[in-house]
Amino acid sequence: MTYCVGMMLDRGLVFMSDTRTNAGLDNISTFGKMKTWEAEGDRVITLLCAGNLATTQAVVSELDERAKAHRDRNPSLFEMPSMYQMARLVADTLRDVIQRNSDTGQRADSVFNATLILGGQIAGGPPRLFLIYPEGNFIEAGSDTPFFQIGEIKYGRPILVRAYDPALSFEEAMKLLLVSFDSTVKANLTVGAPFDFHLYTVDSLVRGQIGRIEQDDPYFQTISQGWGDALKQALDSLPAFGAELPQPTP
């Protein structure tokens, strides 16, 4: 299983992904699920992947090969004039990979299923964020839907919905995401650290801060423990079931 988040802020874009993959409880491995391409001063592109590992690795390899070869017949990430065209290229690549590997053709419920989050900025346009489906179609983030999740999304979503604010600083966004990831890890053993992240600053057109947070990272452990303690304190502060409650003032 996987958990990945791409988030739009006033300050730029924030990406985070776990690194755990498994084919059963006795076959757990670590693989990076985030890929970033950069042409300094022109574009920065980040891709998050969830789903069949062979499919997602094939998509990334195909995009890498095209970027290196600059073949006219197969345009590359560095030739797309806009983020919308970039999303179309990645979506087409995903669909083609699934079709090549599936005996029954491109199907969303295929064992070769994969879902992607694509975000970045190209000179002359704003930062944009897309969610790309196995069928090859996609949707774009906006003010009503400012972040996307893929993989095991349900456990980490409530805190994002309640606490997200576009004015968050990168430091505040990282704290929020780590709480979301910690909640997911606690509920699903198929998601786990280390967590990869990328913080892209709007209009910088250079790769932002990129890093990896290990399970024993002191800050992550502080967040995990502090969030658990805060939840217990909040629960204790609520009235007990059957308690006499004050009547509302007329």
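In case you missed it, the structure is sitting above this.
About the criteria used
Residues numbered from 1 in each chain as written. Predicted model: local features only at pLDDT ≥ 70, side-chain atom pairs only at ≥ 80, totals over all residues. Heavy atoms only, no water. Buried < 20%, exposed > 50% of the residue type's maximum accessible area, 1.4 Å probe, protein only. Helix = DSSP H or I, 4+ residues; strand = E, 2+ residues; numbered from the N terminus. Pairing = 2+ DSSP bridges. Contact = heavy atoms within 4.5 Å. Axes fitted to C-alpha atoms, helices over the stretch in contact; angles between N-to-C directions. Polar contact = N/O pair within 3.5 Å; in protein donor to acceptor, adjacent residues only side chain to side chain.

This part is about the pairing of strand E10 (residues 147–151). Among the five residues that make up E10, four are buried, leaving the element largely enclosed by the rest of the structure. Pairing of strand E1 (residues 3–9) with E10, which is carried by five bridges, proceeds in the antiparallel orientation. Paired with Gly6 across the two strands is Phe148, which belongs to E10.

Looking at the element boundaries, Thr56 is found in helix H1 (residues 53–69). Thr56 has contacts with Cys49, Ala50 and Ala114, leaving out every residue within four places of it along the chain.

Taking strand neighbours across the sheet as the criterion, the five strands line up as E5-E6-E7-E8-E9 in an open arrangement whose pairing is antiparallel. In the strand order of this sheet, the two ends are held by strand E5 (34–39) and strand E9 (138–140), each with one partner. On average, adjacent strands in this sheet sit at an angle of 15 degrees to one another, irrespective of strand direction. Strand contacts of helix H2 (residues 83–101): strand E6 (43–51), strand E7 (114–122), strand E8 (128–132) and E9, with the helix running at about 155 degrees to E7, the strand carrying the most contacts.

The next subject is the environment of Asn52. If you trace the backbone, Asn52 turns up in the loop between E6 and H1. As for Asn52 and Thr115, which are separated by 63 residues in sequence, their C-alpha atoms are 9.0 Å apart. Not counting residues within four places of it along the chain, the set of residues in contact with Asn52 comprises Val111, Phe112 and Asn113. Among the polar contacts listed, one links the side chain of Asn52 to the backbone nitrogen of Ala54, at a separation of 3.1 Å. Here the side chain of Asn52 touches Thr55 through a polar contact of 2.9 Å, landing on its backbone nitrogen.

Note on placement: Phe147 falls in strand E10. What makes Phe147 buried here is its relative accessible area of 8%. The sequence separation of Phe147 and Pro248 amounts to 101 residues, and the corresponding C-alpha distance is 38 Å.

Next up on the list: the pairing of E1. By the criterion of burial, E1 is predominantly enclosed, with six of the seven residues buried. Sheet topology note: the E1/strand E2 (residues 12–17) ladder contains six bridges and is antiparallel. Each bridged residue has a counterpart across the sheet, and for Val5 the counterpart in E2 is Met16. In this structure, the hairpin formed by E1 and E2 is closed by a connection of two residues.

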